[in-house]
Amino acid sequence: MDYVSLIFALIILVIDAAFLSLSIGSLSMAPWVPSSQRSIRRGLKLADPKSGEIIYDLGCGNGTVIMNAVCNYSVKAIGIEIALPLIILCKIRYWINSKRNKLKGSACFKKANLFKEDLSKADIVYLFALPKTLENKIRPKLERELKSGTKIISNVFEIKGWEPDVVDYESGCSPVYLYIKK
């Protein structure tokens, strides 16, 4: 095998691994659809993060929620993502942002299955998931693990079985739901 064929085969292997990784993420929670900056700002404003609080973004995708949180609030933000290519992107974006901007908070990104992560230290949880996943998998996990007073931001879809504390509707945008764990 010549070098060109070997390099081509390695590129195909990397692309296949990336697609497999992204596919696993979409099957477990939702396909990767980045939240708009507007929705993220609305959600964080509803949650009103305080200095020192811990924010988890479940299925953090490209890290936009985390970047927004650490740039604008003095929080510790933790992004959980199962897709390796997205985790790599998050870490690169965070490194670039930390060099360009003075960050108010700190962040870390974990390549992990969010359903196996302990969320008990969370003060705020941000998520975007499909309704069936919210109802059947995420809601029971949040009910088991989150402490009373934890704020949950659900972008686009409500969490069936819970009554939202606030629903933010903005013309031309998807709703953002805020729940506070009782």
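Predicted model, so just to flag it, every value in this text is computed and none were measured.

Asks: Help me understand the overall build of the chain, please; the structure alone is not making it clear to me.
Replies: A count of helices and strands for the chain gives 5 helices and 7 strands. By the burial criterion, 44% of the 182 residues in the chain qualify as buried. For the chain, contacts bridging at least 24 residues in sequence account for 67% of all contacts bridging at least 6.

Asks: Even after reading the chapter, I still don't get helix α2 (residues 37-47), so can you show me in this structure?
Replies: Since the α-helix turns once every 3.6 residues, residues separated by three or four places project in the same direction. Turning to α2, its buried residues number three or more, namely Ser39, Ile40, Arg42, Gly43, Leu44 and Ala47. Of the surrounding secondary structure, the elements contacted by the buried residues of α2 are β1 (54-58), α3 (64-72), β4 (124-127), β5 (151-155), β6 (166-168) and β7 (176-180).

Asks: For this particular structure, what's the right way to read the side chain of Glu53?
Replies: Inspection of the secondary structure assignment puts Glu53 in the loop between α2 and β1. Those residues in contact with Glu53 that sit more than four places away from it in its chain are Asp48, Ser74, Val75, Lys76, Asp123 and Ile124.

Asks: Explain the state of the cysteines to me, please; I cannot follow it from the model alone.
Replies: Cysteine pairs can be covalently joined through their sulfur atoms, and such a bond is termed a disulfide. Under the criterion given, the structure shown has 0 disulfides. Free of any disulfide, Cys108 has its nearest neighbouring cysteine sulfur in Cys60, separated by 9.6 Å.

Asks: Mind showing me how you'd approach the pattern of salt bridges here?
Replies: Oppositely charged side chains can form a pair if their charged atoms are brought close together. Tallied over the entire structure, the rule returns 10 salt bridges. For Glu170, the salt bridge is made with Arg38, and the minimal N-O distance between the two is 2.4 Å. Note that Glu170 is positioned in the loop between β6 and β7 and Arg38 in helix α2, a separation of 132 residues in sequence. Arg38 sits in the partly exposed class, given a relative accessible area of 41%. Of the charged contacts in the structure, one is a salt bridge between Glu170 and Arg42, with a shortest N-O distance of 3.7 Å.

Asks: I tried to follow the environment of Val75 on my own but got confused; where do I start?
Replies: Note on placement: Val75 falls in the loop between α3 and β2 (76-81). Since its relative accessible area comes to 4%, Val75 is described here as buried. C-alpha separation for the pair Val75 and Ser106, spaced 31 residues apart in sequence, amounts to 6.5 Å. Those residues in contact with Val75 that sit more than four places away from it in its chain are Pro49, Lys50, Gly52, Glu53, Ile55, Ala69, Val70, Gly105 and Ser106.

Asks: Explain the environment of Arg144 to me, please; I cannot follow it from the model alone.
Replies: Assignment of secondary structure puts Arg144 in helix α5 (residues 131-145). A relative accessible area of 60% means that Arg144 is categorised as exposed. Taking the C-alpha atoms as reference points, Arg144 and Leu119, separated by 25 residues in sequence, lie 9.4 Å from one another.

Asks: How should I be thinking about the pairing of β4 in this particular structure?
Replies: For a regular strand, side chains alternate in direction, first toward one face of the sheet and then toward the other. Where burial is concerned, the two faces of β4 agree: the one with Ile124 and Tyr126 and the one with Val125 and Leu127 are both buried. As defined by bridge partners, β1 adjoins β4 across 4 bridges and the pair is classed as parallel. Each residue of the ladder has a partner; that of Leu58, found in β4, is Leu127. On the question of chirality, the crossover connecting β4 to the parallel β5 by way of α5 is right-handed.

Asks: Would you mind showing me how to read α5 here?
Replies: Taking 1.5 Å of rise per residue, 15 residues should cover 21 Å, and α5 covers 20 Å from first to last C-alpha, within 8% of that figure. Residue Ile138 marks the point of greatest curvature in α5, where the axis turns by about 45°; the proline Pro140 follows within four residues. Buried residues of α5: Thr133, Leu134, Ile138, Arg139, Lys141 and Leu142, and no others.

Asks: Is there a simple way to think about the sheet that holds β1 in this case?
Replies: Hydrogen bonds between backbone atoms are what pair the strands of a sheet, whose relative direction is either parallel or antiparallel. Read across the open sheet, the 7 strands follow the order β3-β2-β1-β4-β5-β7-β6; overall the sheet is mixed. Both outer strands of the open sheet, β3 (106-111) and β6, are each paired with one neighbouring strand and no more. Across this sheet, the average inter-strand angle for adjacent strands is 15°, counted without regard to direction. In the packing of helix α4 (residues 84-100) onto the sheet, contacts are made with β2 and β3, and the angle to β3 comes to roughly 165°.

The rules we used
Residues numbered from 1 in each chain as written. Predicted model: local features only at pLDDT ≥ 70, side-chain atom pairs only at ≥ 80, totals over all residues. Heavy atoms only, no water. Helix = DSSP H or I, 4+ residues; strand = E, 2+ residues; numbered from the N terminus. Buried < 20%, exposed > 50% of the residue type's maximum accessible area, 1.4 Å probe, protein only. Contact = heavy atoms within 4.5 Å. Disulfide = S-S within 2.5 Å. Salt bridge = Lys/Arg side-chain N within 4 Å of Asp/Glu carboxyl O. Pairing = 2+ DSSP bridges. Right-handed = clockwise from strand over helix to strand, strands pointing away. Expected span 1.5 Å × (residues − 1). Bend = angle between axes of the 7 residues up to and from the residue. Axes fitted to C-alpha atoms, helices over the stretch in contact; angles between N-to-C directions.

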